[in-house]
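# A closer look at the structure
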Amino acid sequence: MQFNMMQNNIFDEWFTEPRRYMLQENPFDVLSDRQFMGTYRLSKVLVDELTETVKPFMKASKALSVQRKVLTALRFYASGSYQQDIGEHRGAALSQASVSRCLTEVTEALNNYQIMNKYIHFPANMLELNIVRRGFYDKYSIPGIVGVVDGTHIAIVPPNSEDELYPEHIYVNRKGYHSINTQLICDSDLKILNVCCKFPGSVHDSHIWRLSLVQELLQHLHSIGQTSYFMLGDSGYGLRPWLMTPIYEPQENSSEARCNKWFCKTRSIIERCNGVLKMRFRCLLKHRVLHYSPPKAASIINACVTLHNICITNKLPLVNIDEREDIDLGIINDLPVNNNVNQINPELTAGKRFQKQIINRYFQ
């Protein structure tokens, strides 16, 4: 009886608690430039520019300005905290429901084709392709590289097990947690040229690559004789003339071993890119977990990649980032693909021939 009375008193307090009114502070006024970037990841100037960019794709509201909505969403992307915590931040001062609406609106705006294509796009012509190629050559001294590809896993809450469209079991990856396997392709400056986040965690990196439009483009270039363009991938991908992979167990001090050493150094740029993306927008870290359906989680990933490219283009530093070594960045090393079946795969044979030409030319 006494327990029931105490329980009723608790419920009475919850429902009779007076409404709290939070006073919002203008972060443009109260935060220094460094504090502002540490909180929102973008500079004050870039937030103003982003606000103008997304304004045509957002609904007008008397209660909340577009800038306030953008700041609220940026704070979520940067921290990955729960929506109520975001709302109680002094720069937002909003209810959980309002935070949810702000996040949805801004994320949908950043996923608009006009905005995404402006900030995330693989080279659309030979001039742009050669600019990316030159960037890799200046840094790594081997001509022909136009990107590095890899998959990274973004943790999500388990979808409904009875959902016919997004069944729960297909999102379990090889490490045992639910995720979206996100393919990233970056250039030599850590800018992301292509992102694909529509596949569940159980899907292999190489399968996503085989269905990629970038793979089709490079394959087409090679078919018309433009064979001096290729990408780098890890041993989980199949060797092709347009996708170089490391050599399996080369002899010590051999030209193949020297090639592998160079390859690993060059390919590590995608791991640095992935690290910068997730450390800057911590909602993508494994231990934060996106508490949304797969489609909305994918939209949040796209939004963060867009913002990442804005930061890279404007050379913004990482501010107030705790770069601990034990953070799981969601990279799962897939088992190596068998690249020794020459007789039944002419593309693999051509890839091994091209790989040998690179070794003979640059690592003898």
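Rules and cut-offs
- Residues numbered from 1 in each chain as written.
- Predicted model: local features only at pLDDT ≥ 70, side-chain atom pairs only at ≥ 80, totals over all residues.
- Heavy atoms only, no water.
- UniProt positions renumbered as here; feature names shortened; annotations may be inferred.
- Pairing = 2+ DSSP bridges.
- Helix = DSSP H or I, 4+ residues; strand = E, 2+ residues; numbered from the N terminus.
- Contact = heavy atoms within 4.5 Å.
- Axes fitted to C-alpha atoms, helices over the stretch in contact; angles between N-to-C directions.

The protein chain goes by Putative nuclease HARBI1 in an unreviewed UniProt entry, where it is assigned to Macrosiphum euphorbiae. Note on the protein chain: under the UniProt heading Sequence similarities (unreviewed entry), the record states "Belongs to the HARBI1 family." In its Cofactor (unreviewed entry) section, UniProt records this for the protein chain: "a divalent metal cation".

Our next topic: the sheet that holds strand E2 (residues 179-186). Within the open sheet, the 5 strands sit side by side as E3-E2-E1-E4-E5. Their pairing is mixed. For this open sheet the edge positions go to strand E3 (192-200) and strand E5 (243-244), each flanked by a neighbour on one side alone. Here E2 runs beside E3; their pairing, made up of 6 bridges, is antiparallel. Counterpart to leucine 184 in the pairing with E3 is valine 195. The strands touched by helix H12 (residues 255-280) within the sheet are strand E1 (145-155), E2, E3, strand E4 (230-232) and E5, with E1 carrying the most contacts at an inclination of about 45°. The sheet contacts of helix H13 (residues 294-313) involve E1, E2 and E3, and relative to E3 the element is tilted by about 170°.

In this structure, cysteine 196 sits in strand E3. Residues cysteine 196 and glycine 151, spaced 45 residues apart in sequence, show a C-alpha to C-alpha distance of 9.2 Å. Contacts of cysteine 196, omitting those with residues within four sequence positions, involve Asn181, Thr182, Gln183 and Ile208.

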